[in-house]
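Architecture and fold: a report
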Amino acid sequence: MHGDETGGFVLMLHFADYLLKNYLVDSRVKNLVDNLEIWINPLANPDGTYQGGDIVSTPTRFNANGYDLNRNFPDPLDPNTVKQKETLDMMKFMRKHKFCLSANFHSGEEVVNYPWDRWLSKLHADDSWFHAISRSYADTAHVYAGSQYMNFLDDGVTRGAVWYLVYGGRQDYITWELHGREVTIEIDNQYITPAAQLATLWQNNWHSLIGYLENALYGIHGLVRNKTSLIPVAAKVFINGYDKDSSQVYCDTLTGSFVRFLEPGSWNLTFTAKGYMPVLISNVNVTSGQRTDLIVDMVPFPDSVDYPNSSNSLLLFPNPATNNLNAILPDTIAGNINVRIINQTGTLISDYSTQAIKSVPIIIDIKTLSSGIYTVVISNYNRSHISIGRFVVIK
Ligand SMILES: [Zn+2]
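Residues numbered from 1 in each chain as written. Predicted model: local features only at pLDDT ≥ 70, side-chain atom pairs only at ≥ 80, totals over all residues.

Here the focus is the overall build of the chain. Broken down by element type, the chain carries nine helices and 18 strands. Reported as C-alpha extents along the three principal axes, the dimensions of the chain are approximately 85 × 45 × 35 Å. Taken across its 395 residues, the chain has 34% of its residues classed as buried. Put simply, of all contacts in the chain between residues at least 6 apart along the chain, 66% involve residues at least 24 apart. (Helix = DSSP H or I, 4+ residues; strand = E, 2+ residues; numbered from the N terminus. Buried ≥ 20, exposed ≤ 12 C-beta atoms within 10 Å, placed from the backbone. Contact = placed C-beta atoms within 7 Å.)

Following this line, the structure appears as structure tokens:
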């Protein structure tokens, strides 16, 4: 991303070359290529690196418009700032592929930097896991490069904000908004690694790079499906009492698969999805350096009129209902909401405000309603989004 931090560019080209050439001779490479989908983007700011022309002569940190691309991603608290083309393209690419583990490379120091960059007082729920994979990268580099390499701050490891605060960095964007896990790896004290030192840079880092990718093989690798039809379910995977600040993960909408990296131990996972009964799976064991496979079958809510798989529809259940009606709202409707119930003749029967939490059903009291067919209109307080459903009351 920073066009004048050139070591990572060559390091990534070398890494791609190594993976391609060593599949048949290095079992670790074969294991990675057989079991992961690996994407390598050697250079995210070509205009900055090639500012001087067809050879790298006067590279700059910024893109051609003068923007620092690692301050240009959506900040968790200020997501709507103007984005450069390089950033928009990377966001689109990242959203499409939903990487479970990633890294971005820089120069100017020698340290592995993990989330959060923008909060000094907040620790990511997976802080100790992040620290462990960062420690492993730096420690492996020390084995091959010596202790004088990558020893900045805490011997080559830091939580981002402890070093300095960054807003709009890619690491926090991916970890916060895409529920991925990304670290920032500073590989050289010199911004521009001299050509004669590029081979050493590779020797210092390639074992660490292989080890970093291997982290993606570990943790919980799950599949969530409809118990009856076995179709994939796009469930939210949440650890009660542990997950916070967007640290939960979600299943892939097409395959129902998810990956959750965790420290070794015994974990209780809660699965929720629109139209399904929540599922709690207790005591899932995670072992260091091993993969835990998990298949979760979810049962649709009984009596619901339909089982929408889209987060844009209103789900009402049970339907017909007698005393209480549960409503799971579309994602566009949350916070302060307005609930109106209209009978078949178009008369407004009730009109009240309440609080809604995303993905959690609101309970509509229908004890006073007589048997019949009703329409419920649920909207944001400012009416920016409205959702309408019909339900039947039987007494
Ligand atoms: Zn940089």
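Here the focus is the sheet that holds strand β5 (residues 219-226). Spatially, the three strands line up as an open sheet ordered β8-β5-β11, and their pairing is mixed. The sheet is open, and its two borders are formed by β8 (257-260) and β11 (291-298), each paired with just one other strand. Strand after strand, the sheet turns through a mean of 20° between neighbouring axes, direction not considered. (Pairing = 2+ DSSP bridges. Axes fitted to C-alpha atoms, helices over the stretch in contact; angles between N-to-C directions.)

The biggest cluster of nonpolar side chains holds 58 residues, and the ones touching the most others in it are V112, A235 and V237. Among the elements that make up this core, the one with the highest residue count is helix α5 (residues 127-145) (seven residues). Counting contributing residues, this core receives three or more from each of domain 1 (7-217) and domain 2 (219-298). Not counting the four nearest positions on each side in its chain, A235 is found in contact with V224, C251, F271, T272, A273 and M298. (Core = buried A, V, L, I, M, F, W, Y, C linked by C-beta atoms within 7 Å. Domains from an automatic or database assignment.)

Let us look at the domain arrangement of the chain. We note that the domain assignment places domain 1 (7-217), domain 2 (219-298) and domain 3 (315-393) within the chain. On a C-alpha basis, the centroid separation for the pair domain 1 and domain 3 is 47 Å.

The subject of this paragraph is the packing of α5 against helix α9 (residues 198-214). The contact between α5 and α9 brings their axes to 8 Å, and the two run at 145°. In the packing of α5 onto α9, the handedness of the crossing is right-handed. Facing I133, S136, Y137, T140, A141, Y144 and A145 of α5, the residues of α9 in contact are Q203, N204, N205, H207, S208, G211 and Y212. Classifying every residue of the contact of α5 with α9 by side-chain character gives six nonpolar, eight polar and no charged. (Left-handed = near helix turned anticlockwise from the far one by under 90°. Nonpolar A, V, L, I, M, F, W, Y, C, P; charged D, E, K, R; others polar.)

The strands that make up a sheet are held in pairs by hydrogen bonds between backbone atoms, and each pair lies either parallel or antiparallel. The strand order across the open sheet built from four strands is β15-β14-β17-β18, with neighbouring strands paired in antiparallel fashion. Taken across any chain shown, the strands that pair with only one partner, and hence form the sheet edges, are β15 (348-356) and β18 (386-393). Strand-to-strand twist of the sheet, defined as the mean angle between neighbouring strand axes without regard to direction, takes the value 20°. In this sheet, β18 lies alongside strand β17 (residues 372-380) in antiparallel orientation, the contact comprising eight bridges. Among the inter-strand pairings, G372 is bridged to a residue of β18, identified as V393.

Along the chain, I239 turns up in the loop between β6 (236-238) and β7 (249-250). Here the alpha-carbon distance between I239 and I281, two residues 42 residues apart in the chain, equals 9.9 Å. Those residues within four positions of I239 in sequence are excluded, and the remaining contacts are W267, N268 and L269.

Bringing helix α8 (residues 170-177) into the picture now. Side chains of residues three or four places apart in an α-helix project in the same direction, reflecting 3.6 residues per turn. α8 sits mainly inside the fold: seven of its eight residues count as buried. Where α8 is concerned, the buried positions are R170, Q171, D172, Y173, I174, T175 and W176. The first or second residue beyond α8 is H179, which carries a positive phi of 60°.

By secondary structure assignment, the location of P330 is in the loop between β13 (324-328) and β14 (335-342). Sequence-wise, P330 and K274 are 56 residues apart; in three dimensions their C-alpha atoms are separated by 9.4 Å.

Now for unusual backbone geometry. Cis peptide bonds are those with omega within 30 degrees of zero, and the linkage from P115 to W116 qualifies with 0°. Of note, S246 is a non-glycine position whose phi angle comes to about 70°, a positive value. Positionally, S246 belongs in the loop between β6 and β7. In the Ramachandran plot, R383 falls in the positive-phi region, its phi being about 65° despite a non-glycine side chain. Under the C-beta neighbour-count criterion, R383 is labelled exposed, with 9 such atoms within 10 Å.

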